[in-house]
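Report on the structure
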Amino acid sequence: MWLAAAAPSLARRLLFLGPPPPPLLLLLSRSSCRRRRLHSLGLAAMPEKRPFERLPADVSPINYSLCLKPDLLDFTFEGKLEASAQVRQATNQIVMNCADIDIITASYVPEGDEEIHATGFNYQNEDEKVTLSFPSTLQPGTGTLKIDFVGELNDKMKGFYRSKYTTPSGEVRYAAVTQFEATDARRAFPCWDEPAIKATFDISLVVPKDRVALSNMNVIDRKPYPDDENVVEVKFARTPVMSTYLVAFVVGEYDFVETRSKDGVCVRVYTPVGKAEQGKFALEVAAKTLPFYKDYFNVPYPLPKIDLIAIADFAAGAMENWGLVTYRETALLIDPKNSCSSSRQWVALVVGHELAHQWFGNLVTMEWWTHLWLNEGFASWIEYLCVDHCFPEYDIWTQFVSADYTRAQELDALDNSHPIEVSVGHPSEVDEIFDAISYSKGASVIRMLHDYIGDKDFKKGMNMYLTKFQQKNAATEDLWESLEDASGKPIAAVMNTWTKQMGFPLIYVEAEQVEDDRLLRLSQKKFCASGPYVGEDCPQWMVPITISTSEDSSHAKMKILMDKPEMNIVLKDVRPDQWVKLNLGTVGFYRTQYSSAMLESLLPGIRDLSLPPVDRLGLQNDLFSLARAGIISTVEVLKVMEAFVNEPNYTVWSDLSCNLGILSTLLSHTDFYEEIQEFVKDVFSPIGERLGWDPKPGEGHLDALLRGLVLGKLGKAGHKATLEEARRRFKDHVEGKQILSADLRSPVYLTVLKHGDGTTLDIMLKLHKQADMQEEKNRIERVLGATLSPELIQKVLTFALSEEVRPQDTVSVIGGVAGGSKHGRKAAWKFIKDNWEELYNRYQGGFLISRLIKLSVEGFAVDKMAGEVKAFFESHPAPSAERTIQQCCENILLNAAWLKRDAESIHQYLLQRKASPPTA
């Protein structure tokens, strides 16, 4: 599953995925008093887990024969289940998962014996289980469990639910669609809804004859339904052995485009009616991706077809149901004229992610949700490998560092982070771990592991793992064993230090010239958002470390495994004038703190670009995080940022922009916010002038991304020439004289709204209403929060909950308001409190509730707000967001400490700059 982005771009705030950056961390030279403050707010420990038991093993399914008949007008469905089951030990009851379903009748027919009718259905709603009681004992052996039931096509975007769409003629209709991961198959039919309880499925759907009906497998029969000439029964082929969370069915109106991969697999992309053209880009990506994975894993794709379908109302970004992958429209559809470059890239990554799961997750499945990270971390890594293969011009691995690696480090530096492997019990705990640790840290440590092993042995180990466990379940240790066998390296010992404990190390390094050699002294300690680690028994990691020098900045001079707290290393033949850098390519999942002399020698490599782009990015990001943590001064980082004046690389600018955005949010709590905007304009205007507004001959994908990023940054900061040009182009766009290119729309919309009035907002809302494409609607929704007037902010918040905004997109509208201004943050928080019942009812039990909370409160920087947020959620519990709430409160305290610590020195530096501007 791909977690939906708050924006479809890898300007790092995406993405999972994801939300705007966690604002801001802090120091720990004052750690003990800060920890006392956390304790006084009750933020130090997660609440106790709810008691939970997995299903008993006395009865298990072999095959589900399932027929469902959805009613697209009354929003109900009827179901008939006949499950071949194995009774392993005598029992007079069968316990299954079941939620929001009413069982009408249930019986068990032992093979060759008489039917036994269940005499009672005991629903345990808290645990989402039902116990079927029988009057006599079911003896060991096989038999058939028959259940007739009814359910509701809900509006919660989980289970079997309804999705609203508008036909080309303007009529509102509903499709019936599914989203079962993690634990919602039980809302569609009673089942053994655990990933390790695999079975085959024979699915039939009884649907109106003018609707498309899809499931995991190909259609094998379509016949009239006896009772109604307007209805047909569609029967699908039997699936391979699979987990319940990967089952899917869709009933609705769709067009499609199709092709065959070079391996002969039928690939289709289903789109809204009339938009088949918009499925062609994803079709091309999917057709290239399937053979890439087949060759990489050396295991063929196991199904005869794969469908990719765009769903109107969809909570996640996409879901990897085997053979029927569901997507948000914005994660699948590309309009050649109206889609921006970042949307194309997003679609390519999401398609790559979900198709990787067809092997890694679907063919071999995690034994339990504790190993979710293995599914998601792996897919989040290999999607980049796949996109790099399909689109080498995207420079996607540099973007990985900004989008995933640094994002994971921000979260993992908190006291309220969690290990990659989390013990999961009750279903309410599963949604909590669909986060940046499972996805982005998981991907980052797999990238580090791949680099440590080497591609050849990594591929060999993956093939061994997939071959050994196909159609079965596996745990993290099983993958380590296969990779260890393939590489001969101590994989389990190394990786356990990264998956079983939370956090990551800060490597401190200092150097000494000894004749013709360089002596390096390395030490590792846990990196904390709150400053230097001061506890007893500091955790240790086995860290693969690469070291490069200016002699050859793109290759490692030395590779070592740091398996102790301190190490001395001698680099042979390094001249005194050569720099030395750790973590070539920013692949190792650690931060580096250089001695001042080493850092001084590296900085010219930023200005003259002799450091590779990904290393320039990593160096700046490490320094920024050290400042957030109070280990160095923020002013030192601002000075380094000024050295990026010649920077040409999109992703380096993206990361720099992100960090300046974090700092701007922090300083919105001061009376010198305008000064930091002047700094932003000074840093970005040279590159803005070089790029201009219009593409030049020979420019490509990354130039388009960079232009949008830079113009948006300058426009938001109020750069006069940018603002004037944005207004001129917006006017021409609205009047139809000159339509804005898709890549310029976000920066122009943002700029005119930020510096506009009620008329501007009305025009934007009109453009939103007129937009036929969801990408354009989302583009507008994400920038509405830039408006500054309290009255207009209120109007935007009201709009967020209106029928005009799809339920999954309300979150990004409210989040945009919270991130738009200091007043917006307060207004968004009040709006959430005032409308909590409706919002919670809409999003409870899914990751969107966590995202909503995170986007809305994390930018605060006053101690008392942490207490207020905590108190609100104590009286309005959101179990699936408990950890997110803890993290938000911690971040608020970190922000407050950062502000107290550095605000004055930042202010003085900015004033001093104004008095004597630096020369480029």
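Criteria and cut-off values
- Throughout, residues of each chain are indexed from 1 in the direction in which the sequence is written.
- Reporting in this predicted model follows two pLDDT cut-offs: at least 70 for local features of residues, and 80 or more for side-chain atom pairs to be given and counted; totals over whole chains, interfaces and linings ignore these cut-offs and use all residues.
- Remark: hydrogens and water are excluded; side-chain values derive from all non-hydrogen atoms of the structure.
- For helices the rule is a DSSP run of H or I covering at least 4 residues; for strands it is a run of E covering at least 2, with both sets numbered from the N terminus onward.
- For the radius of gyration, the atoms used are the C-alpha atoms, and the globule rule reads 2.2 Å times the number of residues raised to 0.38.
- Burial classification: accessible surface area is computed with a 1.4 Å probe over protein chains only, and a residue below 20% of its type maximum counts as buried, one above 50% as exposed, and the rest as partly exposed.
- Using a 1.4 Å probe, accessible areas were evaluated by the Shrake-Rupley method; residue-level cover was limited to the displayed protein chains.
- In this count, Lys and Arg are taken as positive residues and Asp and Glu as negative ones, while His and the chain termini are left out.
- Lys charges are placed at NZ, Arg charges at CZ, Asp charges at CG and Glu charges at CD.
- UniProt positions are given in the numbering used here, feature names are shortened, and annotations may be inferred rather than shown by experiment.
- One bridge is not enough; two strands pair if DSSP finds at least two bridges between them.
- When the strands point away from the viewer and the path from the first strand over the helix to the second turns clockwise, the crossover is right-handed.
- Whenever a helix is involved, its axis is fitted only over the stretch in contact; in every case the axis is a line through C-alpha atoms, and angles between N-to-C directions fall within 0 to 180 degrees.
- Oblique is the label for every angle not falling under 35 degrees (roughly parallel), over 145 degrees (roughly antiparallel), or within 65 to 115 degrees (roughly perpendicular).
- Contact definition: two residues touch when any of their heavy atoms are within 4.5 Å.
- Under the grouping applied here, Gly and all other residues not named as nonpolar or charged are polar, the nonpolar ones being Ala, Val, Leu, Ile, Met, Phe, Trp, Tyr, Cys and Pro and the charged ones Asp, Glu, Lys and Arg.
- Predictor confidence is given residue by residue as pLDDT, running from a minimum of 0 to a maximum of 100.
- Under the pairing criterion, centres of Phe, Tyr and Trp rings, with the six-membered ring standing for Trp, must be within 6.5 Å; the plane angle then separates stacked pairs below 30 degrees from edge-to-face pairs above 60, leaving the rest tilted.
- Two N or O atoms form a polar contact when they lie within 3.5 Å of each other; inside protein one atom must be a possible hydrogen donor and the other a possible acceptor, and for residues adjacent in sequence the pair counts only when both atoms belong to side chains.
- In the sections that follow, a salt bridge refers to a side-chain nitrogen of Lys or Arg positioned within 4 Å of a carboxyl oxygen of Asp or Glu.
- For a helix, the expected span equals 1.5 Å multiplied by the number of residues minus one.
- Note on terminology: pairs of cysteine sulfur atoms within 2.5 Å are recorded as disulfides.

So, on to the overall build of the protein chain. Each helix and strand in the protein chain was counted, giving 28 helices and 29 strands. Taking 920 residues into account, the globule formula puts the C-alpha radius of gyration at 29 Å, and the protein chain, at 28 Å, falls close to it. Considering only C-alpha atoms, the protein chain reaches an extent of 90 × 65 × 60 Å along its principal axes. When the 920 residues of the protein chain are sorted by exposure, 64% land in the buried category. Taken as a whole, the protein chain presents about 32600 Å² of accessible surface, with 50% of it coming from carbon and sulfur. Considering the protein chain, the positive charge centre built from 101 side chains and the negative charge centre built from 123 side chains are found 4 Å apart.

Before going further, it helps to spend a moment on the UniProt feature "active site" (unreviewed entry) in the protein chain. As annotated by UniProt and renumbered to match this structure, "active site" (unreviewed entry) occupies Glu354. Positionally, glutamate 354 belongs in helix 3 (residues 341-357).

Another aspect to go through is the pairing of strand 17 (residues 266-271). Most of strand 17 sits out of view: five of its six residues are buried. Inspection of the sheet shows strand 16 (residues 255-260) paired to strand 17 by six bridges, in the antiparallel sense. Across the sheet, threonine 259 pairs through a bridge with valine 267, a residue of strand 17. Hairpin connection, strand 16 to strand 17: the antiparallel pair is bridged by five residues, and glycine 264 has positive phi, about 90 degrees. In this sheet, strand 18 (residues 305-311) lies alongside strand 17 in parallel orientation, the contact comprising five bridges. Across the sheet, residue valine 269 finds its bridge partner in strand 18, namely leucine 308. Traced from strand 17 through helix 2 (residues 280-297) to strand 18, the parallel crossover comes out left-handed.

A word on the packing of helix 27 (residues 863-875) against helix 28 (residues 882-915). Put simply, helix 27 and helix 28 touch, their axes get as near as 8 Å, and they point 170 degrees apart. The angle between the axes of helix 27 and helix 28 places the two elements in the roughly antiparallel class. Mapping the contact onto sequence places Asp863, Met865, Ala866, Val869, Lys870 and Phe873 in helix 27 and Ile885, Cys889, Ile892, Leu893, Ala896 and Lys900 in helix 28. Classifying every residue of the contact of helix 27 with helix 28 by side-chain character gives nine nonpolar, no polar and three charged.

Note: strands within a sheet are paired through backbone hydrogen bonds, in either parallel or antiparallel orientation. Taking strand neighbours across the sheet as the criterion, the four strands line up as 27-24-23-29 in an open arrangement whose pairing is mixed. Either end of the sheet is taken by a strand with one partner, and the two such strands are strand 27 (566-571) and strand 29 (591-594). Recorded for the sheet is a direction-independent mean angle of 25 degrees between the axes of neighbouring strands. Note: strand 24 (residues 517-526) against strand 27, six bridges, orientation antiparallel. Its bridge partner lying in strand 27, leucine 520 is registered against isoleucine 569. Contacting strand 23 (505-514) and strand 29, helix 13 (residues 613-628) crosses the sheet at an angle of about 80 degrees to strand 29.

Looking now at the environment of threonine 137. Position of threonine 137 among the secondary structure elements: in strand 7 (residues 129-138). Residue classification places threonine 137 among the partly exposed residues on the basis of a relative accessible area of 41%.

For residues with low pLDDT, the predicted coordinates do not support detailed interpretation. Looking at the protein chain as a whole, the pLDDT averages 91, with 94% of positions reaching at least 70. Per-residue pLDDT stays below 50 along residues 5-47; that stretch engages in 183 contacts with residues further than four places along the chain or on separate chains.

Another aspect to go through is the packing of aromatic side chains. To describe a pair of aromatic rings, one takes the distance between the centres and the angle between the planes. According to the stated counting rule, one finds 46 aromatic pairs in the structure shown. Relative to tyrosine 293, the ring of phenylalanine 292 has its centre 5.5 Å away and its plane inclined at 55 degrees; by these criteria the two rings are tilted. Assessed through its relative accessible area of 0%, tyrosine 293 is described here as buried. Measuring from ring centre to ring centre gives 6.3 Å for tryptophan 498 and tryptophan 541, while their planes differ by 40 degrees; the resulting arrangement is tilted.

Residue placement: glutamine 578 occurs in the loop between strand 27 and strand 28 (580-582). Here glutamine 578 falls in the buried class, since its relative accessible area comes to 5%. Here arginine 575 takes part through its backbone nitrogen, which lies 3.0 Å from a polar atom of the side chain of glutamine 578. Beyond its immediate sequence surroundings of up to four residues, glutamine 578 is in contact with Arg518, Ser550, Glu551 and Asp573.

Right, let's get into unusual backbone geometry. Residue alanine 182 is bonded to the preceding glutamate 181 through a cis peptide linkage, with omega at 10 degrees. Positioned with a positive phi, phenylalanine 75 is a non-glycine residue whose angle comes to about 60 degrees. For leucine 609, which is not a glycine, the phi torsion comes out positive at approximately 65 degrees.

The full count for this structure, using the stated rule, is 61 salt bridges. Aspartate 863 is the salt-bridge partner of lysine 900, the closest N and O atoms lying 3.1 Å from each other. Note that lysine 900 is positioned in helix 28 and aspartate 863 in helix 27, a separation of 37 residues in sequence. For lysine 900, a relative accessible area of 61% gives the class exposed.

Look at helix 17 (residues 701-716): 23 Å from first C-alpha to last across 16 residues, which is about the 22 Å you get at 1.5 Å a residue. The element helix 17 is extensively covered by neighbouring structure, given that 13 of its 16 residues are classed as buried. One or two residues past the end of helix 17 sits glycine 718, with phi positive at roughly 85 degrees.

This part covers the UniProt feature "site: Transition state stabilizer" (unreviewed entry) in the protein chain. Summarizing the sequence annotation, UniProt attributes the feature "site: Transition state stabilizer" (unreviewed entry) to Tyr439 in the numbering used throughout. Within the fold, tyrosine 439 resides in helix 7 (residues 437-453).

Running from N to C, helix 9 (residues 476-487) and helix 10 (residues 491-499) cross one another at 140 degrees; their axes reach a closest spacing of 9 Å. Put simply, helix 9 runs oblique to helix 10. From helix 9, Trp480, Leu483, Glu484 and Ser487 reach across to helix 10, where they touch Ile491, Ala492, Met495, Asn496 and Thr499.

Here we come to the environment of alanine 871. When you line up the elements, alanine 871 lands in helix 27. On the basis of relative accessibility, which here comes to 41%, the residue alanine 871 falls in the partly exposed class. For the pair alanine 871 and tryptophan 829, spaced 42 residues apart in the sequence, the C-alpha separation amounts to 13 Å.

Moving on: the sheet that holds strand 11 (residues 200-208). If you walk across this open sheet you meet the eight strands as 5-4-8-2-1-11-14-13, and the pairing is mixed. Of all the strands in the sheet, just strand 5 (116-117) and strand 13 (219-225) have a single pairing partner and so form its edges. Examined bridge by bridge, strand 2 (residues 76-87) and strand 8 (residues 141-152) share twelve bridges and lie antiparallel to one another. Across the sheet, the residue bridging to phenylalanine 77 is glycine 151, located in strand 8.

This part takes up the state of the cysteines. Scanning the model with the defined rule gives zero disulfides in all. Cysteine 191 provides the cysteine sulfur closest to cysteine 67, a residue in no disulfide bond, and the two sulfurs are 16 Å apart.

This paragraph deals with the side chain of arginine 729. Along the chain, arginine 729 turns up in helix 18 (residues 720-734). If we skip the residues at most four places from it in the chain, arginine 729 touches Trp693, Asp694, Gln738, Leu740 and Leu744.

Attention now goes to the pairing of strand 9 (residues 159-166). For strand 9, the buried fraction is high: six of the eight residues fall into the buried class. Counting the residues that bridge the hairpin from strand 9 to strand 10 (residues 172-179) gives five residues, and of these glycine 170 lies at a positive phi of roughly 100 degrees.

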